[in-house]
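Topology and contacts: notes
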Amino acid sequence: NNLPSNSSCNKSLSTPRMAGQSFDNSKSADSRGALNDDESVMTNNSLCGNITMNIPLQAGPLIGNLSPKQSWPHKPVLFRWSSSAGEVKLSSPSNPSVHPLDPIVINAEPVDFETSLFIGKVMIRVSNVPNTSSESQENMKEYFKNRSRTLQICIQGKFKKRICFNQVYSGQEFARPLKRMPPRRVVKWSFNFLRSRLPDSFAADLFAPLPYYIAPLILAAKVVRADVSDPPDLTDFDIMEDLSSHGVKVLRNDLITLTQEAKKGNWQVQRKSETKLKKARQQAALNAMKQRKRDLGTPRLLASQYYETDTTYTFDYYDSFFRPDSFSLDLGLKRLDLCPFLGEQPVVLSMAKTIDTGEYLWKFEMWHARSLG
C-alpha cells in the first residue's frame, strides 16, 4: 500500500472540495457566474513507477470566465486565482476587495487571501513581463539580478486547522488532456529514471483525461520554513529554510553572511560578495531541500508531523526553466513551446490541496495570450 499512512486517506473522494461558504465578499463569485460551473470531480488512478494513488481531480471552466486580453495588466500573460479552486477572499493594500476572477498584479505587493483551510498572502515575481509601474519594474530587476530563475511564488500564512503533512499535496494539474505526448513507455521510463530524486509519495499521470503530477507540499517547495513567532517578511529576496520546529536539521548557510556583506555599501566588499552570491544561493537551497527530504521524505516520517495552527509557514517556489513571457521551457540548446502541448488551458503557478477531500488551500494560475489563439 503506497498511500500515506493515515486513516483519513481512505475517506470517500466525493467530499466537497471547498466549503468556504462563510466568507463575506462584496464581489461574490455569483455576481459574475459561479466559480465551479460545469465542474466535475473525478477519481483517477495514478501510475508513476511503482506508486499507485487515488487522486481527486476536477475539470473547471476555462476560457468562458477569463478577463478580456486587452485588460490584462501584464499582457501577454495573466495571473489569477484558479476558477476550479472554489471560494476565496482576496485583497491587497491597493485593492481591499479583489474579485476571484480578476487579474492579480505581480512584481508589486503581496496579495492577501483566505480559504476554508488557510489564511495568508502570496507574492508573485516574474521576469521579462510588462509591469504596471516603475516601482514594480525596479522590484523585478532587483530581485532577478544575479539569479538564473525566471519566476518566484512565495506563500506565507497559517493553517486554519491542524493537518498532517501527508495530507497536503502540491504540483501541477491540467484541465484538459495533454497533446503530442511521447509514448507512454517513454514517459514511464523517464519517471523511473528520476525515481531516486523524487519523494516516495510523488504521483503522476500525464496520460489521464485530467493530467497531473503531485507531491507532498512540504517536499515540493524549494524553501520551507515554520515560525512560531517573527516570520520573515514575505517580500524579502532570500527566504532562509528553517523547519527545526518539525525536527529538520538546520544547516550552516553562507548565504546569510554573504547577503549581509553585500548590503554594507563598500563597493569592493559588495562586488566580491556578488560573485559568490549566486553560487551560495543555489547551494544553500539545494542542501536545505536535501536535508528536508532526508528528515521528512518517507511516508512514515510524513505521517508523524502536522501543520500547526499557531505557526506561520512560508513556502517559496521558484523556477529557472519555465519562461512565462514566451510560454516555453528553456532546455538549454532550445526552447520548447508549450502551446502545442497544452492547448487552451493555463499552468498552475502554485497550489496546495488536501489529498483526502480535494479541498484547495490555494491555487494560482497563469494564462498566456498565445494559448488562446
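All of these numbers come straight from a predicted model, not from anything done at the bench. (Residues numbered from 1 in each chain as written. Predicted model: local features only at pLDDT ≥ 70, side-chain atom pairs only at ≥ 80, totals over all residues. Heavy atoms only, no water.)

Counting its regular elements, the protein contains seven helices and 20 strands. When burial is assessed residue by residue, the protein has 54% of its 373 residues classed as buried. Restricting the contact set of the protein to residue pairs at least 6 apart, pairs at least 24 apart contribute 71%. For the protein, the accessible area works out to roughly 17200 Å², and carbon and sulfur atoms hold 51% of it. (Helix = DSSP H or I, 4+ residues; strand = E, 2+ residues; numbered from the N terminus. Buried < 20%, exposed > 50% of the residue type's maximum accessible area, 1.4 Å probe, protein only. Contact = heavy atoms within 4.5 Å. Areas by Shrake-Rupley, 256 points an atom, 1.4 Å probe, with all protein chains shown as cover.)

This brings us to the pattern of salt bridges. Tallied over the entire structure, the rule returns 11 salt bridges. Note that Glu365 is salt-bridged to Arg80, the shortest N-O span being 2.8 Å. Separated by 285 residues along the polypeptide, Glu365 in strand β20 (residues 360–368) and Arg80 in strand β3 (residues 77–81) bring together distant segments of the chain. We classify Glu365 as buried; its relative accessible area is 5%. (Salt bridge = Lys/Arg side-chain N within 4 Å of Asp/Glu carboxyl O.)

All right, on to the pairing of strand β4 (residues 89–92) then. The pairing of β4 with strand β6 (residues 111–114) spans three bridges and is classified as antiparallel. The residue of β6 that forms the bridge with Lys89 is Glu114. Inspection of the sheet shows β4 paired to strand β5 (residues 95–98) by two bridges, in the antiparallel sense. Residue pairing in the sheet places Ser92 in a bridge with Asn95 of β5. (Pairing = 2+ DSSP bridges.)

The next subject is the nonpolar core. The nonpolar side chains of a soluble globular protein tend to be buried, and buried together. Core analysis: the biggest nonpolar cluster contains 66 residues, and Phe113, Phe315 and Trp362 have the highest contact counts within it. Residues within four places of Trp362 in sequence aside, it is in contact with Trp81, Phe113, Phe118, Ile155, Leu217, Phe315, Tyr317, Ser350, Met351 and Ala352. (Core = buried A, V, L, I, M, F, W, Y, C linked by side-chain atoms within 4.5 Å.)

With that settled, consider the sheet that holds strand β18 (residues 335–337). Within the open sheet, the three strands sit side by side as β16-β17-β18. Their pairing is antiparallel. Both edges of this open sheet fall to β16 (322–323) and β18, since each of them pairs with a single strand only. The sheet contact formed by strand β17 (residues 328–330) and β18 spans three bridges and is antiparallel. Note that in β18 the partner of Ser328 across the bridge is Asp337.

A word on a nonpolar patch on the surface. A cluster of nonpolar residues, Trp189, Phe193 and Leu194, forms a patch on the protein surface that exposes about 360 Å² of accessible area. Residue position: Leu194 is located in the loop between α2 (184–193) and β11 (203–205). (Patch = residues over 30% accessible without salt bridge, like charges linked within 9 Å, V, L, I, M, F, W, Y side chains within 5 Å.)

What follows covers the side chain of Thr312. Positionally, Thr312 belongs in strand β15 (residues 312–319). With sequence-adjacent residues up to four places away left out, Thr312 is seen in contact with Gln156, Gly157, Lys158, Arg225, Ala226, Asp227 and Pro231.

Below, the discussion takes up the confidence of the model for the protein. Mean pLDDT for the protein: 79, with 73% of residues reaching 70 or above. Considering only residues more than four positions removed or in separate chains, one finds that residues 1–54, a stretch of pLDDT under 50, has 146 contacts. (pLDDT = per-residue confidence, 0-100.)

Here we come to the pairing of strand β8 (residues 151–159). For β8, a buried count of eight out of nine residues is recorded, marking the element as mostly surrounded by other parts of the structure. As defined by bridge partners, strand β7 (residues 118–126) adjoins β8 across nine bridges and the pair is classed as antiparallel. Within the sheet, the bridge partner assigned to Arg125 lies in β8 and is Gln152. When β8 meets β15, the two strands line up antiparallel, connected through seven bridges. The residue bridging Gly157 from the neighbouring strand is Tyr313, located in β15.

Overall, the coordinates contain 17 aromatic pairs when judged by the stated rule. Between Phe315 and Trp362, the ring centres sit 5.7 Å apart and the planes meet at 45 degrees, which makes this aromatic pair tilted. In this pair, Phe315 sits in strand β15 while Trp362 sits in strand β20, placing the two residues 47 residues apart along the sequence. Exposure class is identical for Phe315 and Trp362. Each is buried. An aromatic cluster is built from Trp81, Phe113, Phe118, Phe159, Phe165, Tyr307, Tyr313, Phe315, Trp362 and Phe364, whose rings are joined through pairwise contacts. One cation-aromatic arrangement involves Arg149 over Tyr318; the distance from NZ or CZ to the ring centre is 3.5 Å. (Phe/Tyr/Trp six-rings, centres within 6.5 Å; stacked < 30°, edge-to-face > 60°. Lys NZ or Arg CZ within 6 Å of the ring centre and 35° of its normal.)

Take the sheet that holds β20 next. Ordered by their spatial adjacency, six strands build an open sheet running β3-β20-β19-β10-β12-β11, and the pairing between neighbours is antiparallel. The open sheet has two free edges, formed respectively by β3 and β11, since each of these has just one partner strand. The mean angle between the axes of side-by-side strands here comes to 15 degrees, regardless of whether they run parallel or antiparallel. (Axes fitted to C-alpha atoms, helices over the stretch in contact; angles between N-to-C directions.)

When you line up the elements, Asp316 lands in strand β15. Between the C-alpha atoms of Asp316 and Val224, which are 92 residues apart in sequence, the distance is 6.4 Å. If we ignore the near neighbours within four places in the chain, the residues touching Asp316 are Gln152, Ile153, Cys154, Ala221, Lys222, Val223 and Ile239. A distance of 3.0 Å separates a polar atom in the side chain of Asp316 from a polar atom in the side chain of Gln152. (Polar contact = N/O pair within 3.5 Å; in protein donor to acceptor, adjacent residues only side chain to side chain.)

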